[in-house]
Amino acid sequence: MRKEIDQLAKDHPNRLYVSYSLTGKNIRSDWEGYIGRGSVDMAKNALPPPSSSDGKTTMIFVCGTDGFRDMWAGPIARAPPLPDGSKGPKIQGDLLGVLKEAGYEASDVFKY
């Protein structure tokens, strides 16, 4: 999947930017990306700036394990089950975590 994501970033350099970060003990010495789960400094260096009043908008998509997503942007919740018994829709909830601390607003972030 990395090849496909990298191709999208190459095809749309003014609209899509991708940063990679690895965690673990056996990271190759030639790795040139970020290391670790994330921090405010990583967000400020690896991500575009928050949306601004001059009309430039930013959208950060956060996905991963619940713990990863919660650390970066806060938890999501679910609405009550639907009448047919299926799961209710996801609710974004408040923006928390690294992205809030880095100056982003809820309108800049989508959690899934």
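Scroll up a little and you will see the structure.
Because the structure is predicted, anything quoted here is derived from the model rather than measured.

Rules used throughout
- Residues numbered from 1 in each chain as written.
- Predicted model: local features only at pLDDT ≥ 70, side-chain atom pairs only at ≥ 80, totals over all residues.
- Heavy atoms only, no water.
- Phe/Tyr/Trp six-rings, centres within 6.5 Å; stacked < 30°, edge-to-face > 60°.
- Helix = DSSP H or I, 4+ residues; strand = E, 2+ residues; numbered from the N terminus.
- Buried < 20%, exposed > 50% of the residue type's maximum accessible area, 1.4 Å probe, protein only.
- Lys NZ or Arg CZ within 6 Å of the ring centre and 35° of its normal.
- Core = buried A, V, L, I, M, F, W, Y, C linked by side-chain atoms within 4.5 Å.
- Contact = heavy atoms within 4.5 Å.
- Salt bridge = Lys/Arg side-chain N within 4 Å of Asp/Glu carboxyl O.
- Arc of directions from axis to C-beta.
- Patch = residues over 30% accessible without salt bridge, like charges linked within 9 Å, V, L, I, M, F, W, Y side chains within 5 Å.
- Areas by Shrake-Rupley, 256 points an atom, 1.4 Å probe, with all protein chains shown as cover.

**Some points on the packing of aromatic side chains**
Counted by the stated rule, this structure contains three aromatic pairs. Aromatic pair Phe 68 and Trp 72: ring centres 6.2 Å apart, planes at 40 degrees, arrangement tilted. Remark: Trp 72 and Phe 68 occur in helix α3 (residues 66-73); sequence separation between them is four residues, near one turn of the helix. Residue Trp 72 is classed as buried on the basis of its relative accessible area, which comes to 9%. By the ring-pair criterion, three or more aromatic residues cluster together here, those being Phe 61, Phe 110 and Tyr 112. Its guanidinium or amino end placed over the ring of Tyr 20, Arg 2 lies 4.0 Å from that ring's centre, counting from NZ or CZ.

**Focus on the nonpolar core**
For soluble globular proteins, the rule of thumb is that nonpolar side chains tend to be buried together. Val 62, Trp 72, Leu 99, Tyr 104 and Val 109 are the most contacted members of the largest nonpolar core, which has 13 residues in total. If you list the elements that add at least two residues to this core, you get α2 (40-46), β3 (60-62), α3 and α4 (97-101). When residues of this core are assigned to their parent elements, the largest contribution, three residues, is made by α2. Contact partners of Val 62, with chain neighbours within four places excluded, come to Phe 68, Arg 69, Trp 72, Ala 73, Leu 99, Val 109, Phe 110, Lys 111 and Tyr 112.

**Let's talk about the side chain of Thr 58**
Relative to the helices and strands, Thr 58 resides in the loop between α2 and β3. The class for Thr 58 is buried, based on a relative accessible area of 11%. Dropping the residues within four chain positions of it, Thr 58 is found in contact with Pro 48, Pro 49, Pro 50, Ser 51, Tyr 104, Ser 107 and Asp 108.

**Quick notes on the pattern of salt bridges**
Scanning all chains against the criterion turns up four salt bridges. Among the ionic pairs, Arg 2 bridges to Asp 6, the shortest N-O distance being 3.4 Å. Highlighted residues: Arg 2 and Asp 6, both in helix α1 (residues 2-11), separated by four residues, approximately one helical turn. With a relative accessible area of 31%, Asp 6 lands in the partly exposed category.

**Focus: α3**
Residue pairs spaced three or four apart in an α-helix point in one direction, given the helix's 3.6 residues per turn. Those residues of α3 that fall on the buried side of the exposure criterion are Arg 69, Trp 72 and Ala 73. On an axial view of α3, the arc spanned by its buried residues comes to 70 degrees, and they lie on one face. Looking at the buried side of α3, the elements it contacts are α2, β3, α4 and β6 (109-111). Directly after α3, the chain includes Gly 74, whose backbone phi takes a positive value near 95 degrees.

**With respect to a nonpolar patch on the surface**
Taken together, Met 59, Phe 61, Phe 110 and Tyr 112 make up a surface patch of nonpolar side chains, about 410 Å² in accessible area. For Phe 61, the position within the fold is in strand β3. The class for Phe 61 is exposed, based on a relative accessible area of 53%.

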